[in-house]
Amino acid sequence: MNYTKESIENKTKELMIGFSESDYPISFQKIIEKVPQRIGIFKASFTEDGISWLTKKEGEDFLIYINNMEPLVRRRFSIAHELGHVILGHLSNETKKIDYKYRKNQTYTKEEILEEKEANWFASALLMPAEMLDTQIQKNKGIDLDSLADFFWVSTSALKIRLFNLWYMSYE
């Protein structure tokens, strides 16, 4: 199923009902409790270079393994991205493993590219909801990248992309 950016935003808004400013950075456990899928998130140490995560479906369970050697903000975005794949229904019974450092050298189908874009949008919207982003920008009396990144526990790169996508800033 193909999702619009608006429908993904709405899906994440539904998940964020009941969250307040004091709930940030968001707890993935609280999100998992709101979805019908059974999802487990585990720390892992991958021996293969560059593996950031591994997600697989076992029976009715979705298991997300995150490389514990990655920086915290990268792990959080990877978890949110993988939750997006699960919640948006992208995963089949096959194990899905991506070596993100060498991604540009891999070949993807158009459907896989679309699913990756949808999961990225989902992760951004989940970690940095537009309304809370706006609240924080007003509270800070402007865009302070470091303060915002610290508040949401995201990288400044992910934050810049979200701000660009929401028309708060342009690429320079």
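Thresholds applied
Residues numbered from 1 in each chain as written. Predicted model: local features only at pLDDT ≥ 70, side-chain atom pairs only at ≥ 80, totals over all residues. Heavy atoms only, no water. Helix = DSSP H or I, 4+ residues; strand = E, 2+ residues; numbered from the N terminus. Expected span 1.5 Å × (residues − 1). Buried < 20%, exposed > 50% of the residue type's maximum accessible area, 1.4 Å probe, protein only. Arc of directions from axis to C-beta. Contact = heavy atoms within 4.5 Å. Core = buried A, V, L, I, M, F, W, Y, C linked by side-chain atoms within 4.5 Å. 1 Å grid on protein atoms, 1.4 Å probe; cavity = no way out; pocket = protein on both sides within 12 Å on 5 of 7 lines; lining within 4 Å. Points joined across faces, edges and corners; volume = space filled by probe spheres on them. Nonpolar A, V, L, I, M, F, W, Y, C, P; charged D, E, K, R; others polar.

Enquirer: So what exactly am I meant to see when it comes to helix α1 (residues 5-16) here?
Expert: An α-helix turns once per 3.6 residues; consequently, residues spaced three or four apart project the same way. Between the first and last C-alpha of α1 there are 16 Å, a value that for 12 residues agrees with the 16 Å anticipated at 1.5 Å per step. Buried within α1 we find I8, E9, T12, L15 and M16. Axial view of α1: buried residues confined to an arc of 120°, hence all on one face. Exposed side chains of α1 directed beyond 90 degrees from the buried face belong to E6 and E14. Buried residues belonging to α1 abut α2 (28-32), α3 (72-87), α4 (110-127) and α7 (156-165). Backbone geometry just downstream of α1 places G18 in the positive-phi region, at approximately 95°.

Enquirer: Teacher, can you tell me more about the nonpolar core here?
Expert: It is characteristic of soluble globular proteins that their nonpolar side chains tend to be buried jointly. Among the nonpolar cores identified, the biggest contains 42 residues, and I26, L83, L126 and F152 are the most heavily contacted of them. For this core, the secondary-structure elements that each account for two or more residues are α1, α2, β3 (61-67), α3, α4, α5 (130-139), α6 (145-152) and α7.

Enquirer: How should I be thinking about the layout of surface pockets in this particular structure?
Expert: By rolling a water-sized probe across the atoms, one finds the places where empty space is left. Computed from the structure, the largest pocket encloses a volume of approximately 630 Å³. Around the largest pocket, the lining is made up of 21 residues, and of these F77, H81, E116, N120 and I161 lie nearest the centre. Elements with a contribution of two residues or more to the lining of the largest pocket: α3, α4 and α7. Sort the elements by how many residues they give to the lining of the largest pocket and α4 lands first, with 6 residues. The residue makeup of the lining of the largest pocket, split by class, is 9 nonpolar, 7 polar and 5 charged.

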